[in-house]
Structure formats: C-alpha cells, structure tokens
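Each chain is listed here by its residues.
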Amino acid sequence: MRIVIAEDDPLLREGLALLLRAESLDVVATTDTPGSFLEAVAEHEPDVAIVDVRMPPTHTDEGIVAAVEARRRRPGLAVLVLSAYVEQTFATELLAAGAGRLGYMLKERVGRVDEFLTALHRVATGGTAVDPEVVGQLLARNPHTSALGRLSPRERDVLALMAEGLGNTAIAEKLVITEGGVHKHIRSIFAKLDLAPDDRADRRVTAVLRYLEGSGPK
C-alpha cells in the first residue's frame, strides 16, 4: 500500500509516517500544503492519501478541495480525511463525492492505533469509514428530523454502523443479531427513507448521507 500524507502539523505528519512505516506500509511522501500534496499524488501515484481538512493558506476547507481534485486526477484514489473537529458539511461532502474508498476520521483516533489502521485498510480496499464519534455527534445534533424520526431505535443502530462503514456481517456481530435480521432492518430503513429499489443511486450510501445530513425528503 503506497501512501501520501498531507498534514501541515509537523509533529502529526511525521508521527503518522513513523506509525505507518512501523506497520510495514509504504509512505512515499509527506506534504504540508495542498499544492505539494497534488504534486506528490501525480509523482508517486499512491493507493491512499491521508489528508487534513484544514490546510494553508486559510485553514478552512483546502484539504477537502485538494482531496476531491486528487481523486479527479487519479480516479480510484482512496482518501482518508482527518479533522480535529466534527464538521458536518465536510463529512457529507466527502461521502457525496463517491460511494467508496473514502473515510472521515477525527485526529484523536490516530492514537487508537488498531482502530485507525482498521479504518485505513477499509478505505484502501474500497470501503468507507466514518469515525464513530462523528456519527454519534451528528446524531445528537439532529435527533428528531422527520425522515430519521420514522426509524426504530434498532434501525438507527444499524444505520449508525452503516455510516461507520461496517458491512452486514460486522453489523450483525456488533449488535449480536443474525445477518437475516440486519437485512430486514436495512430493507425497513430504505422503505422509511423512501429509497426505492430502482433508484440509480447506491441506496446504502444515500441512506448514510441522509443520516449524516440529519434531513430526509421534504
């Protein structure tokens, strides 16, 4: 796995590089600006990019903008975005940009090495990974929206784990229910969120987006 890191905090940037190299992962470049990140992606053709949301010069959304541009230039590039805070707009924008190979994690998760590496590998192998803390805070901010309010407590649990990027088998293990039960809950979630089987969009991803946005159909 070839990795490029874009992070303007030198301690975190080099700490990430050391951590990943200790796991025998190939960190091919570390960068501290959006421009140098895009140059590194072009030069090294990585499999995964780890990108800070807030980067110079304004420290607002430069990292997200650079990540979207990197994926445009290199289709299929896996991107794991790191943020110090839960930023709803960036979380939903990230998932809206594509159905797979994307992740959104809080920087504090890096210290929980096993969880961070699990998310990194999930993204690298085509999945999505949204930090459980992000999911929890977004749900707490939007507990009673019309569409999500139709869901039962168990359905909300299933949808939260979907948002974290877990597949049906992992959800079943986490909730100690059968995979058949998970399928039943997901079918009910799709129905309650008005996601028809013939929708062109990936219904699983659309459901997660509505969950993160905290709003359903008007």
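Please read all numbers here as calculations on a predicted model, not as lab measurements. (Residues numbered from 1 in each chain as written. Predicted model: local features only at pLDDT ≥ 70, side-chain atom pairs only at ≥ 80, totals over all residues. Heavy atoms only, no water.)

Visitor: Report on helix 1 (residues 10-22), specifying residues and quantitative values.
Guide: Taking 1.5 Å of rise per residue, the 13 residues of helix 1 would be expected to cover 18 Å, and the 18 Å separating its terminal C-alpha atoms lies within 8% of that figure. For helix 1, the set of buried residues is Leu 12, Arg 13, Leu 16, Ala 17, Leu 19 and Leu 20. Take helix 1 and look down its axis: the buried residues cluster within an arc of 165°, on one side only. In helix 1, the exposed positions angled more than 90 degrees off the buried face are occupied by Leu 11, Leu 18 and Ala 22. (Helix = DSSP H or I, 4+ residues; strand = E, 2+ residues; numbered from the N terminus. Expected span 1.5 Å × (residues − 1). Buried < 20%, exposed > 50% of the residue type's maximum accessible area, 1.4 Å probe, protein only. Arc of directions from axis to C-beta.)

Visitor: Account for the nonpolar core, naming residues and giving values.
Guide: Counting 23 residues, the largest nonpolar core has Ile 3, Ile 5, Leu 16, Leu 20, Ile 50, Phe 116 and Leu 120 as the members making the most contacts within it. Where this core is concerned, the elements lending two or more residues are strand 1 (2-6), helix 1, strand 3 (48-52), strand 4 (78-83) and helix 5 (113-124). Filtering out sequence-adjacent residues up to four positions away, Leu 16 remains in contact with Ile 5, Ile 50, Leu 82, Val 110 and Phe 116. Within the second largest apolar cluster, 21 residues are counted, among which are Ala 6, Ala 40, Ile 64 and Val 79. (Core = buried A, V, L, I, M, F, W, Y, C linked by side-chain atoms within 4.5 Å. Contact = heavy atoms within 4.5 Å.)

Visitor: Describe the pattern of salt bridges, and please don't skip the residues or the numbers.
Guide: Tallied over the entire structure, the rule returns nine salt bridges. In this structure, Glu 14 engages Arg 13 in a salt bridge whose closest nitrogen and oxygen atoms are separated by 3.5 Å. Judged by its relative accessible area of 11%, Arg 13 is buried. With a shortest N-O distance of 2.8 Å, Lys 192 and Glu 155 are connected by a salt bridge. Here the residue Lys 192 occupies a position in helix 9 (residues 179-192), and Glu 155 occupies one in helix 7 (residues 153-164), the gap between them amounting to 37 residues. A relative accessible area of 25% means that Lys 192 is categorised as partly exposed. (Salt bridge = Lys/Arg side-chain N within 4 Å of Asp/Glu carboxyl O.)

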